[in-house]
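Breakdown of the fold
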Amino acid sequence: MTSQRNSVGDGSVPQTLTGRVTLGRLKEQAVKAVFFCCALLSIGTTIGIIYVLVTEAVVGVGDSQAFFQEVSLVEFFTETRWTPQFADKHFGILPLLTGTLMIAGIAACIGLPVGLASAIYLSEYASPRVRNLVKPVLEVLAGIPTVVYGYFALVFVTPFVLRPIFQDGLGLDVGVFNAASAGIVVGIMIIPMVSSLSEDALRSVPQGLREAAYALGSTKLDVSLRVVLPAAFSGVIASFLLAIARAVGETMAVTIAAGQTPDLTLNPFRSVESMTAFIVNVSLGDTAVGSIVYKSLYAVALTLFVITLAMNILSQAVLRRFREVYQ
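About the cut-offs
Residues numbered from 1 in each chain as written. Predicted model: local features only at pLDDT ≥ 70, side-chain atom pairs only at ≥ 80, totals over all residues. Heavy atoms only, no water. Helix = DSSP H or I, 4+ residues; strand = E, 2+ residues; numbered from the N terminus. Rg over C-alpha atoms; globule rule 2.2 N^0.38 Å. Buried < 20%, exposed > 50% of the residue type's maximum accessible area, 1.4 Å probe, protein only. Contact = heavy atoms within 4.5 Å. Areas by Shrake-Rupley, 256 points an atom, 1.4 Å probe, with all protein chains shown as cover. Lys, Arg positive; Asp, Glu negative; His and termini not counted. Charge placed at Lys NZ, Arg CZ, Asp CG, Glu CD. Salt bridge = Lys/Arg side-chain N within 4 Å of Asp/Glu carboxyl O. Axes fitted to C-alpha atoms, helices over the stretch in contact; angles between N-to-C directions. Parallel < 35°, antiparallel > 145°, perpendicular 65-115°, else oblique. Left-handed = near helix turned anticlockwise from the far one by under 90°. Nonpolar A, V, L, I, M, F, W, Y, C, P; charged D, E, K, R; others polar. Core = buried A, V, L, I, M, F, W, Y, C linked by side-chain atoms within 4.5 Å. Patch = residues over 30% accessible without salt bridge, like charges linked within 9 Å, V, L, I, M, F, W, Y side chains within 5 Å. Phe/Tyr/Trp six-rings, centres within 6.5 Å; stacked < 30°, edge-to-face > 60°. Expected span 1.5 Å × (residues − 1).

Things to note about the overall build of the chain
Across its full length, the chain carries 14 helices and 0 strands. Along its sequence from the N terminus, the chain presents helices and strands in the succession α-α-α-α-α-α-α-α-α-α-α-α-α-α. By the compact-globule yardstick of 20 Å for 327 residues, the chain is too spread out, its C-alpha radius of gyration being 27 Å. Looking at the chain as a whole, 39% of its 327 residues are labelled buried. Sequence-distant contacts in the chain: of pairs separated by 6 or more residues, those separated by 24 or more amount to 68%. Carbon together with sulfur atoms contributes 66% to the accessible area of the chain, which is approximately 18200 Å² in total. Each charge class in the chain can be summarised by its mean position, and for the 21 positive and 21 negative side chains these summaries are 14 Å apart.

Okay, here's the thing in structure tokens:
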């Protein structure tokens, strides 16, 4: 009895409890180290990508000159012809940039309103049973391979949607490869992203705001569009910007559906080439390493990286500027 009382009454921790505390702390430290390594890996990967792009496009390696040491920035951003694989080489990125932005713009016109309408329905109108059924179906769209979307544009969107409406009905020439079909399928691809992120932002609005609006005699539509949507404005805009950045960086669907013709045009029914499609074309293995054509791949990739980085920074700025914090 005396020995047991001393072991407890003197403030010492029993040996088994000490072992448990030590083992628990070791597990916490191990998990913390794993998480830190994962974060460090992502940062290191980003730094490695930036190093490769800047080295090949701007700085150069050893005696090899970088792309922008052979091609001026003025020519790169003002020249209207992109023919690096021709005998008469021109390195104006405007045709690629125009094609990329046109496809992303068409995708935004399709994906943003449909995704936002889906988010409003799931957040404000759908019952829990319907929400649990519809949301997984929407998210299935995000799991379909982008190659499938590309061939879907070729064999369905162009011959059965665009040509009957615009070619047969309005007399416009719709090519087999065109920016419109690519933009439509990319717009379908970004619907799940817009819907999911926007719904999370809408559902984070406190219920008290809705009840206060109903108490003033507002209808369901008024509450959804004039109370909940403005309160979730920052999250919705951030989802829009992230979805557009996703559309800008889309590769295979655009490569298959839009074609590989780097023309400076605003006609959505003509074949165009995006920046990602050019990267795929050069990466096929027929281009000699170290050539100016090979280096142009990194210049285009660096431009695409800067565009997507700027859009992500803009989305974060919008979140910080318009974010509403509710208690």
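Describing the pattern of salt bridges
All chains considered together, the criterion is met by 7 salt bridges. Arg246 serves as the salt-bridge partner of Glu250, at 2.6 Å between the closest nitrogen and oxygen. Residue classification places Arg246 among the partly exposed residues on the basis of a relative accessible area of 33%. We note a salt bridge from Asp263 to Arg270, for which the minimum N-O separation is 3.2 Å.

Brief notes about the environment of Ala201
Position of Ala201 among the secondary structure elements: in helix α8 (residues 179-203). According to the relative accessible area criterion, Ala201 is buried, its value standing at 12%. Setting aside residues no more than four positions away along its own chain, Ala201 makes contact with Ala232, Gly235 and Val236.

Examining the packing of helix α9 (residues 207-215) against helix α10 (residues 220-231)
At a closest axis distance of 10 Å, the pairing of α9 and α10 adopts a crossing angle of 140°. Compared by their axis directions, α9 and α10 come out oblique. Once α9 is placed against α10, the crossing between them reads as right-handed. Between α9, through Leu209, Arg210, Ala213 and Tyr214, and α10, the contact on the second element is made entirely by Lys220, Val223, Val227, Val228 and Ala231. Looking at the contact of α9 with α10, its residues break down into 7 nonpolar, no polar and 2 charged.

What to know about the nonpolar core
Core analysis: the biggest nonpolar cluster contains 69 residues, and Phe67, Trp82 and Ile103 have the highest contact counts within it. At 12 residues, the largest contribution of residues to this core is made by helix α5 (residues 94-125). Not counting chain neighbours up to four residues away, the residues in contact with Ile103 comprise Ala179, Ala182, Gly183, Val186, Val254, Ala258 and Val272.

Regarding a nonpolar patch on the surface
Taken together, the side chains of Tyr121, Tyr125, Leu221 and Leu225 define a hydrophobic patch exposed on the protein surface, amounting to about 380 Å² of accessible area. Elements that contribute at least two residues to the nonpolar patch include exactly α5 and α10. Tracing the backbone through its elements, the reader meets Leu221 in helix α10. The class of Leu221 is partly exposed, set by a relative accessible area of 48%.

Remarks on the packing of α5 against α8
Running from N to C, α5 and α8 point in directions that differ by 35°, and their axes come no closer than 5 Å. You can see that α5 and α8 cross each other, and the crossing is right-handed. By residue class, the composition of the contact of α5 with α8 is 21 nonpolar, 8 polar and 3 charged.

Section: the packing of aromatic side chains
A full pass over the atoms with the stated rule returns 12 aromatic pairs. Measuring from centroid to centroid gives 5.0 Å for Trp82 and Phe278, while their planes differ by 85°, and the two rings are edge-to-face. A residue pair is termed long-range when its members are at least 10 positions apart, and Trp82 in the loop between α4 (73-78) and α5 and Phe278 in helix α13 (residues 275-282) qualify at 196 residues. The same class applies to Trp82 and to Phe278, which are both buried. Note on Phe166 and Phe269: the rings are 4.8 Å apart at their centroids and 45° apart in plane angle, and the pair reads as tilted. Taken together, the positions of Phe166 in helix α7 (residues 146-167) and Phe269 in the loop between α12 (252-258) and α13 put the pair 103 residues apart, joining distant regions of the chain. Using a relative accessible area of 25% as the deciding quantity, one classes Phe166 as partly exposed.

Examining helix α11 (residues 233-248)
Counted at 1.5 Å a residue, the expected span for α11 with its 16 residues is 22 Å, and the 23 Å between its end C-alpha atoms agrees. Taken residue by residue, α11 has Ser234, Gly235, Val236, Ala238, Ser239, Phe240, Leu241, Ala243, Ala245, Ala247 and Val248 as its buried positions. Among the structural elements, α5, α8, α10, α13 and α14 (292-322) are those in contact with the buried residues of α11.

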